[in-house]
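These are the residues of each chain, in order.
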Amino acid sequence: MLLLQFSTSHYCRKARLALGYKDISYQVKNLTPGLHLLEIKPLTGLGTVPVLLPEIEGQPQAIGDSTQIFKFLES
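Residues numbered from 1 in each chain as written. Predicted model: local features only at pLDDT ≥ 70, side-chain atom pairs only at ≥ 80, totals over all residues. Heavy atoms only, no water.

Visitor: Describe the sheet that holds strand β4 (residues 63-64), naming the residues involved and giving the relevant values.
Guide: Ordered by their spatial adjacency, 4 strands build an open sheet running β2-β1-β3-β4, and the pairing between neighbours is mixed. Looking along the sheet, the strands with just one partner apiece sit at the ends: β2 (27-30) and β4. Pairing analysis gives 2 bridges linking strand β3 (residues 51-53) to β4, with the strands arranged antiparallel. By the bridge assignment, V51 is partnered in β4 with G64. (Pairing = 2+ DSSP bridges. Helix = DSSP H or I, 4+ residues; strand = E, 2+ residues; numbered from the N terminus.)

Right, dumping it as structure tokens:
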């Protein structure tokens with residue numbers, strides 16, 4: 001899994017904590033504010049981070065918003 005994030009975002013920290021709590025291995029890609037829109041907007045239609053890319057067959061390509069990430073991790 002790949003987490004697209006800002007390193008200083010509280011919402012991204014919550015997503016990292018949830019992934020760690022679930023003991024799920026993941027990688028992080030830190031984005032540059034402003035330029036992040038070029039990468040995130042086409043994936044989710046949103047302009048906010050975090051965005052989780054599960055990279056698992058049969059799963060969504062991208063999950064935006066920490067609440068949606070939590071719901072995905074619970075399922």
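Visitor: Please give an account of the environment of R16 that cites residues and values.
Guide: Here R16 is to be found in helix α1 (residues 10-21). With sequence-adjacent residues up to four places away left out, R16 is seen in contact with L3, Q5, F6, S7, Y26 and V28. (Contact = heavy atoms within 4.5 Å.)

Visitor: Please provide a residue-by-residue account of the packing of α1 against helix α3 (residues 66-74), values included.
Guide: As a packed pair, α1 and α3 sit with axes 9 Å apart at the nearest point and diverge in direction by 10°. Considered as vectors, α1 and α3 are oriented roughly parallel to each other. Contacts between α1 and α3 pair Y11, K14, A15, A18 and L19 from the former with S66, I69, F70 and L73 from the latter. Per-class residue counts for the contact of α1 with α3 are 7 nonpolar, 1 polar and 1 charged. (Axes fitted to C-alpha atoms, helices over the stretch in contact; angles between N-to-C directions. Parallel < 35°, antiparallel > 145°, perpendicular 65-115°, else oblique. Nonpolar A, V, L, I, M, F, W, Y, C, P; charged D, E, K, R; others polar.)

Visitor: Lay out the pattern of salt bridges with the relevant residues and their values.
Guide: Throughout the structure, instances matching the rule amount to 2 salt bridges. Residues K22 and E74 are paired through a salt bridge, measuring 2.8 Å at the closest nitrogen-oxygen approach. Highlighted residues: K22 in the loop between α1 and β2 and E74 in helix α3, separated in sequence by 52 residues. What makes E74 exposed here is its relative accessible area of 58%. Of the charged contacts, one joins K29 and E39 as a salt bridge, the two residues approaching to 3.0 Å between their closest N and O atoms. Linking K29 in strand β2 with E39 in helix α2 (residues 36-44), this pair joins segments that are 10 residues apart in sequence. When its relative accessible area of 36% is taken as the criterion, K29 is described as partly exposed. (Salt bridge = Lys/Arg side-chain N within 4 Å of Asp/Glu carboxyl O. Buried < 20%, exposed > 50% of the residue type's maximum accessible area, 1.4 Å probe, protein only.)

Visitor: So what's going on with the side chain of S66? Residues and values would help.
Guide: When you line up the elements, S66 lands in helix α3. For S66, a relative accessible area of 3% puts it in the buried group. Ignoring anything within four residues of it in the chain, the contact list for S66 reads Y11, K14 and P50.

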